[in-house]
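If you want the building blocks of each chain, they are given just below.
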Amino acid sequence: MRTPLRLGIVGAGTIGQIHMQHFGALPDVEIAAVQDTNAALARKTAGEHGVSRVYEKAEELFAAADIDAVIVGVPNKWHAPLAIAALEAGKHVLLEKPMALNIGDAEEIVRVQKATGKILMVAHQMRWGWWVLQAKERIERGDLGDISYAKCGWFRRKGIPGWGTWFTQKAVAGGGPLIDVGVHLLDLTLWLMGDPRPVAVFGSTYAAFGPEKRGIGTWATPDFEHGIFDVEDLATALVKFENGATLSLEVSWAVNKDTDSAPFVHLLGNRGGISVQGGRHKFLAEIDDQPTEEDLVPPPDDEGERPRLAKHFVECVREGREPVSPALSGLKNNMILDAIYRSSATGREIRLDFPTE
């Protein structure tokens, strides 16, 4: 029996509980402590998941000598300060997306991660979907050839989360659907494209539903009386890369469009393509001068994306390996997101200078 990897959970809300469920199911892993500014919620969650210790302050959890790694699942505004404090306290970190509220905070996380040598992994669970792993395998063996264009997005028909809560306040969330769900599709598609270096961004954001308190979804409880909505509810962007490829991103929380309210990804290569939309997952190519397509099929024993993410983080901590979604990938996401917002505000293309390492 190996010594258990002891985890501390910062944030006892929905995402923290999801992580407790999946990490708690792994052998040789112990959820040792939980912390939340809502002490009652922290105690309740700890009791439900058999966690023995509850801390009132994150700094107290970070100071615990027997905690090996922490999972940070709190509103975006506190991602950077908590991740940095955990790294400086000698803890490995699994950090919820987006990595930071803005590019400045993301750069500081990367600096501290490099200085401490600790592992920081961004929790992009979509990278671990069954079809994503199959697509990545095909891409790496050359089935798609050179990917010149990718189109991805997520049109939610009526899905503004928690109107008036932290989700819809720029100072706390950093933005609307672009930074909420768009970061998932951006990160996923960049990874499938081989992480090309971004050089330019042009984008626009819109708020047509939220200011009128329309397009409300079922996630979280709205605060119509005292809440704030000062983010976008629709965003679109084009990202140009150093290798000449282009990525198109479209996301919404609310939109008057015929949509299945599910993510979509299209990867266009000169030898083949991947198209995922509406529950369909296809590899497309041309054989003997005829267009062909092949369904991507989930394995019968698929364990799911979140268990795979949890296992990967534990393996990286135990073996000292760089994770699939390291701090530098989070920095790239934040740089592009910031550029989209700046482009929308100025009406101009934004040039980027992403570091090579």
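Treat the numbers as computed from the prediction; the structure is a model and nothing was measured.

Description of the sheet that holds strand 6 (residues 120-122)
If you walk across this open sheet you meet the six strands as 3-2-1-4-5-6, and the pairing is parallel. Two strands close off the open sheet at either side, each with one partner strand: strand 3 (53-55) and strand 6. If you compare each strand with its neighbour and ignore which way they point, the axes differ by 25 degrees on average. Examined bridge by bridge, strand 4 (residues 69-72) and strand 5 (residues 92-95) share four bridges and lie parallel to one another. Across the sheet, residue Ile 71 finds its bridge partner in strand 5, namely Leu 94. Docked against the sheet, helix 1 (residues 14-24) engages strand 1 (5-10), strand 2 (29-35), strand 4 and strand 5, running at close to 160 degrees with respect to strand 2. Across the sheet, helix 9 (residues 305-319) is in contact with strand 1, strand 2, strand 4, strand 5 and strand 6; its angle to strand 5 comes to roughly 160 degrees.

Concerning the packing of aromatic side chains
The tally for this structure, following the rule as stated, stands at five aromatic pairs. Ring centres of Trp 163 and Phe 229 lie 6.2 Å apart, and the angle between their planes is 15 degrees; on these two criteria the pair is classed as stacked. With Trp 163 in the loop between strand 7 (147-155) and helix 7 (170-173) and Phe 229 in the loop between strand 8 (198-206) and strand 9 (234-241), this pair connects stretches of sequence that are 66 residues apart. A relative accessible area of 13% means that Phe 229 is categorised as buried. By the ring-pair criterion, three or more aromatic residues cluster together here, those being Trp 163, Phe 224 and Phe 229. Positioned over the ring face of Phe 283 is Arg 138, at 4.6 Å from the centre of the ring.

Some words on the environment of Ala 245
As for its position among the elements, Ala 245 is in the loop between strand 9 and strand 10 (246-252). Note on Ala 245: relative accessible area 3%, which makes it buried. Along the sequence, Ala 245 and Ala 150 sit 95 residues apart, while their C-alpha atoms lie 8.1 Å from each other.

Focus: helix 8 (residues 177-192)
The end-to-end C-alpha distance of helix 8 is 21 Å, a good match for the 22 Å that 16 residues give at a rise of 1.5 Å each. Among the 16 residues of helix 8, 16 are classified as buried, and the element is accordingly described as predominantly covered. After helix 8 finishes, the residue Gly 194 shows a positive phi value of roughly 95 degrees.

Let's talk about the sheet that holds strand 10
Spatially, nine strands are ordered 14-13-12-11-7-10-9-8-15 in an open sheet, and the strand pairing comes out mixed. Taken across any chain shown, the strands that pair with only one partner, and hence form the sheet edges, are strand 14 (290-295) and strand 15 (350-351). The pairing of strand 12 (residues 272-277) with strand 13 (residues 280-287) spans six bridges and is classified as antiparallel. By the bridge assignment, Ile 274 is partnered in strand 13 with Phe 283. Against the sheet, helix 6 (residues 130-140) touches strand 7, strand 11 (263-269), strand 12, strand 13 and strand 14, its axis set at about 170 degrees to strand 12.

With respect to the nonpolar core
Of all hydrophobic cores here, the largest spans 77 residues; its most connected members are Met 99, Leu 120 and Trp 131. Considering every element that reaches this core, the biggest residue donor is helix 8, with ten residues. In this view, Leu 120 contacts Ala 83, Leu 87, Val 93, Leu 95, Met 99, Ile 109, Gln 113, Pro 323, Ser 325, Pro 326 and Ala 327; residues no more than four positions away in its chain are not counted. Listed in part, the 25 residues of the second largest apolar core include Met 20, Ala 46, Met 121 and Cys 316.

Some words on the layout of surface pockets
Here the largest pocket defines a volume of roughly 1,100 Å³. As for the largest pocket, its lining consists of 44 residues, and the residues nearest its centre are Thr 14, Ile 15, Trp 166, Phe 167 and Trp 219. Counting only elements with at least two residues in the lining of the largest pocket, the list comes to helix 1, helix 3 (58-63), helix 4 (79-88) and helix 8. Tallied by class, the residues present in the lining of the largest pocket amount to 20 nonpolar, 15 polar and nine charged.

Conventions we followed
- Residues numbered from 1 in each chain as written.
- Predicted model: local features only at pLDDT ≥ 70, side-chain atom pairs only at ≥ 80, totals over all residues.
- Heavy atoms only, no water.
- Pairing = 2+ DSSP bridges.
- Helix = DSSP H or I, 4+ residues; strand = E, 2+ residues; numbered from the N terminus.
- Axes fitted to C-alpha atoms, helices over the stretch in contact; angles between N-to-C directions.
- Contact = heavy atoms within 4.5 Å.
- Phe/Tyr/Trp six-rings, centres within 6.5 Å; stacked < 30°, edge-to-face > 60°.
- Buried < 20%, exposed > 50% of the residue type's maximum accessible area, 1.4 Å probe, protein only.
- Lys NZ or Arg CZ within 6 Å of the ring centre and 35° of its normal.
- Expected span 1.5 Å × (residues − 1).
- Core = buried A, V, L, I, M, F, W, Y, C linked by side-chain atoms within 4.5 Å.
- 1 Å grid on protein atoms, 1.4 Å probe; cavity = no way out; pocket = protein on both sides within 12 Å on 5 of 7 lines; lining within 4 Å.
- Points joined across faces, edges and corners; volume = space filled by probe spheres on them.
- Nonpolar A, V, L, I, M, F, W, Y, C, P; charged D, E, K, R; others polar.

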